[in-house]
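Notes for the structure review
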Amino acid sequence: NEEGFEGALDQFAQFFKSPLLDEKFADKEVNAVDSEHKKNIPNHYWATWRLVSSLANPENPMSKFGTGDINTLKKDLEARNGSLIGELRQFHAKYYCPSRMHVSIIGNYTSDHLMQLAKHHFADISNEGCSVRPAYTGPPAFNANNTHKFLRYGTDGQPFLWLLFPLPNCFGHYKAQVGKYINYIFNYYGQGSLMASLKQDHGVINSLNIRPELTSASSHLWVALQLTEKGSSDPDNVITKLFQFLNAVRTKGVDEKLYDSLAQMAEVNFDWSEPNTNPMSDASHLAAGLVAYEPKDLLSGTSIISEKDPKLLQSVLDAIRPHNMIAAFAHQSHRGSPDLDQQEEHYQTKYSIETIPEAKLQAWETAKDASVFPPPALEYVPTDTTLTAGAAKGEEPEQVGPPEDEVWWIGNKVMPVPKGIVQIQLRIPKELVSAKTSAYARLHSVLVSDTLEQDVDGFLNCGLSYAFGFGGDSFSVSFSGYNQHLQKIVDLVVPRLKDPHFSTAQFNRAVTKIRDSLNDVSSDQAYQHALERLSALEDEVSFPRSELATALVSVTEADFRAYLNQVFAKLHATSLVSGNIRKSRAPQFQHKVMELLGAKSLLIDDAASSRVLKPTAEVTEVRVHNPAKSDTNSATIDVFHFGVVPMSRRVELQLLGMMLGEKAYYVLRTQMQLGYVVSGSVVPHGNTMELRVLVQGTKMGPDQVDNAITSFLGNFSTTLRAMPQSEFESWKKSLRTRLDVPTKTLGQEASSKWAQISSHWHCFDFKQQQIHAVDALTSKPADLAAILDEAVKPGNNRRKVAVKLFADSLSLAPADIPSGDTAPVVLGDISSTVKSTAAAGGLNYYPTAMDCKA
């Protein structure tokens, strides 16, 4: 906040003036970097990026290992008698100097005062020996000698085809925004498009993502294709289909009408952009912009197309061709193959590499297909941005129509923009909640997305969007964007929710896609697998991925259509309409959805709701191996339940969480070096509050980490009791500042009100009640320590849930119970059977009501 800003700025500036770079902390930081690298090793994306970039010219920065590990930061230095701190000091002296520095300060002050602050804190940094940041003049990362290569390597996950294309130097040509044009031609899903060809017509990919990277040292384009089984059986054919489209685009050349429409859409988006909700992000963006943009373009540099450059754009299109490509194909069948005769140093990826034969390159260069062609100009660029809606009075949304309809409206309340948001919740009957329903609902959302993809693409490229999903107890349907064409996308999408218009081929592809995703354990980190099990245990309507996959093993189209008829027979509907949409129109969205689904109204008492586990045992423990066998990381999550609490206790717990989170990170990660992924916090879970501490790493097994967490919490309680009241008051002030941040955007306002409406809590003054509770707080540090002790120390009031995910090499055998502690109820891995068995023994759930008065 403003009170602490200048002091924090001074500390920040000292890093650039005279950083400590203390030798005693060097090993800890090296270990932290190494731990982060170990976290990334199982990740397919990190490994692929490093593998392909390692082929770059050794004299180009792109070829270098970018994140570091214990070898590059310690062992290699020690082998040549080097000093890490010594090299860091030299690096700091050479590069952290005014001629290379750009400072961005954002605050609630005049620009003159901010400039004075910048001069006061940064003007005395020495510029001796400092040169201006040079333009890169070294060799390009890739040329004819290291392109047209094909790599093969193994993966534990789904098959991928990665393509890299070096591009002409685009750094500094930001006004042309060539990336917007390239993104559009690849991602467009209309008739004749690349996406339609690869995904719908030929069924060879599940997804396509591209990423233009336009840096000073290398401009290049990444294309990542997640392949279907059919696509992975013949990756050359996938590349052929890709170049059939790209050759047509390149032959036609730059489409001026398309370029103009992209510029028009970018200008509309910039004119009606809403404030960034994160000032840190703004400051970072502006600092980076000072390096790349002219001062007058700082705010718009990445947003608008101010100077179209067809010549540069054509040279980029000309570079996306077979002779200028590196292809990398990852498949499970490649694991352990003797043909993988090379190994990347840092990720230990075994691979093979070959030069693509000239005949194949020529075939791709000339590939043609009349059914694919360049995309047209944007169709739904908004032309009417008139602000027509009023706003609800007071803090609460207005309920429109009969109370039983549960239709709410807030209008253009925070920042008037020509956009609307429609959010609709459809709760299913209690008796339909099951792993099967959740699995079929996941299939349902994929089929809706896949079959609508081509029809809605024109809207999505013009600032409109829709979402359809399932949360265990209810469907959620939402629409957002410029309200001129909002009704059109609503009319298009809603009828397809009950009748997705899928073919047998699309149905089979969707089933395979979901099953493969559920069975692909390599794409998640250890802590994510642990969190999944925690959710499956603690959330009544959550189910483990193994059960969802099982439910789809033998699903048929007939089964799925029966599900559609059953699940939409009765629904409890609730909706919120926000933004530039008149109050009189608010009810029509929910009514139209219920009418088109043919659903009868369901009473709220008969509808499903997600309840949170209320443990009856003092300690409940889940012990399971990391399903990613090659991942050496373990994960431990300790959860301590506070239950449903009044507002006064809620803000005490928020205060406790703020203080504990900072300390947990410092002790468990920085001091003890238990892992790179470490967090500690008090979080809301539904209408309840929980203290959670999470650690992922390789240094200790979960039982040892559990003991370390217990020790930390005990020591933190002691520290808390000794905290001076003045420091405690500062924490209270900080909490109040966090709570009192004003709502800035339409999306923020809609989200906060929707949370209260969809949960049926209707605590619309929730933020104000929290602030009142903080102002009325009389607690002392010892009071919070007592709250913590009651929750975490052995005793009748402790309700602890621990999820321990062990690396495959570690034993699941229970550890000895610490003296004075209670033996846990061990559930093993989570399943519906385990939950129902535990329920018979006393597993219970908290009521869903919220206590929201101070």
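Read on for an overview of the structure.

What follows is about the environment of Thr 355. Mapped onto the fold, Thr 355 is located in strand S7 (residues 350-355). A relative accessible area of 43% means that Thr 355 is categorised as partly exposed. The residues contacting Thr 355, other than those within four sequence positions of it, are His 148 and Lys 149. Within the structure, Thr 355 has its side chain in polar contact with the side chain of Lys 149 (distance 2.9 Å).

What follows concerns the sheet that holds S7. Strand pairing in a sheet takes place through backbone hydrogen bonds and is either antiparallel or parallel in direction. Spatially, S3-S4-S2-S5-S1-S7-S6 is the arrangement adopted by the seven strands of the open sheet, whose pairing is mixed. Both outer strands of the open sheet, strand S3 (205-214) and strand S6 (342-343), are each paired with one neighbouring strand and no more. As judged from the five bridges shared by strand S2 (residues 160-166) and strand S5 (residues 326-331), these two strands associate in the antiparallel manner. Looking across to S5, one finds that Trp 162 is bridged to Ala 328. On top of the sheet, helix H7 (residues 178-187) reaches S3 and strand S4 (219-227); it is set at about 170° to S3, its chief contact.

The next subject is the sheet that holds strand S17 (residues 634-643). Pairing within the open sheet is mixed, and its six strands lie in the order S18-S19-S17-S20-S16-S21. Each edge of the open sheet is held by one strand with a lone partner, namely strand S18 (677-685) and strand S21 (825-826). Pairing of strand S16 (residues 619-625) with S21, which is carried by two bridges, proceeds in the parallel orientation. Of the residues in S21, the one forming a bridge with Thr 620 is Val 825. Along the sheet, helix H18 (residues 526-538) makes contact with S16, S17, S18, strand S19 (688-697) and strand S20 (800-806), crossing S17 at roughly 35°.

Mapped onto the fold, Asp 520 is located in the loop between helix H17 (504-519) and H18. Of the buried charged residues, Asp 520 lacks a salt bridge, with Arg 545 as the closest side chain of opposite charge at 6.4 Å. When neighbours within four sequence positions are excluded, Asp 520 is seen to be in contact with Asp 156, Gly 157, Gln 158 and Arg 545.

What follows concerns the state of the cysteines. Counted according to the given criterion, the structure contains two disulfides. One disulfide bridge connects Cys 97 with Cys 130, the sulfur atoms lying 1.8 Å from each other. The sign of the 65° torsion about the S-S bond sets the Cys 97-Cys 130 disulfide as right-handed. Here Cys 130 lies in the loop between helix H6 (111-122) and strand S1 (149-154) and Cys 97 lies in the loop between helix H5 (84-95) and H6, a separation of 33 residues in the sequence. You can call Cys 130 buried: its relative accessible area is 14%. Paired through a disulfide, Cys 763 and Cys 852 show a sulfur-sulfur distance of 2.1 Å.

A turn of α-helix holds 3.6 residues, and therefore any two residues three or four places apart point the same way. In this model helix H15 (residues 435-460) runs just 32 Å from its N-terminal to its C-terminal C-alpha over 26 residues, more than 12% under the 38 Å that 1.5 Å per residue would give. The largest bend in H15 is about 70°, located at Glu 453. Counting buried positions along H15 yields 19 of 26 residues, so the element is predominantly enclosed.

A positive phi angle is found at His 148, which is not glycine, with a value near 40°. In this fold, His 148 is placed in the loop between H6 and S1. We classify His 148 as buried; its relative accessible area is 17%. One non-glycine residue, His 501, lies in positive phi territory at about 60°. Note on placement: His 501 falls in the loop between helix H16 (486-498) and H17.

Within helix H8 (residues 194-201), six of the eight residues are buried, which leaves the element mostly enclosed by the surrounding structure. Buried within H8 we find Leu 194, Met 195, Ala 196, Ser 197, Leu 198 and Lys 199. Lining the buried residues of H8 we find H7, S3, S4, helix H10 (235-252), H15 and H17. Measuring from the backbone nitrogen of Ala 196 back to the side-chain oxygen at the start of H8 gives 3.0 Å, which picks out Ser 193 as the cap. Gly 203 occupies a position one or two residues after H8 and carries a positive phi of about 60°.

Attention now moves to the packing of aromatic side chains. Each aromatic ring pair is characterised by the separation of its centres together with the angle its planes make. For the coordinates displayed, the defined rule picks out 30 aromatic pairs. Aromatic side chains Phe 65 and Tyr 347 sit 6.5 Å apart centroid to centroid with 90° between the ring planes, which places their arrangement in the edge-to-face category. With Phe 65 in the loop between helix H3 (44-53) and helix H4 (70-79) and Tyr 347 in the loop between S6 and S7, this residue pair connects regions lying 282 residues apart in the sequence. Across the pair, Tyr 347 and Phe 65 agree in class, each one buried. Look at Tyr 181 and Tyr 259: their rings are 5.6 Å apart centre to centre, the planes differ by 80°, and that puts the pair in the edge-to-face class. Of this pair, Tyr 181 sits in helix H7 while Tyr 259 is found in helix H11 (residues 256-271), placing the two residues 78 residues apart along the sequence. For Tyr 181, a relative accessible area of 2% puts it in the buried group. A network of ring pairs unites the aromatic residues Phe 12, Phe 15, Phe 16, Phe 91, Tyr 95, Tyr 96 and Phe 122 as a single cluster.

Reading the values: the criteria
- Residues numbered from 1 in each chain as written.
- Predicted model: local features only at pLDDT ≥ 70, side-chain atom pairs only at ≥ 80, totals over all residues.
- Heavy atoms only, no water.
- Helix = DSSP H or I, 4+ residues; strand = E, 2+ residues; numbered from the N terminus.
- Buried < 20%, exposed > 50% of the residue type's maximum accessible area, 1.4 Å probe, protein only.
- Contact = heavy atoms within 4.5 Å.
- Polar contact = N/O pair within 3.5 Å; in protein donor to acceptor, adjacent residues only side chain to side chain.
- Pairing = 2+ DSSP bridges.
- Axes fitted to C-alpha atoms, helices over the stretch in contact; angles between N-to-C directions.
- Lys, Arg positive; Asp, Glu negative; His and termini not counted.
- Salt bridge = Lys/Arg side-chain N within 4 Å of Asp/Glu carboxyl O.
- Disulfide = S-S within 2.5 Å.
- Expected span 1.5 Å × (residues − 1).
- Bend = angle between axes of the 7 residues up to and from the residue.
- Phe/Tyr/Trp six-rings, centres within 6.5 Å; stacked < 30°, edge-to-face > 60°.

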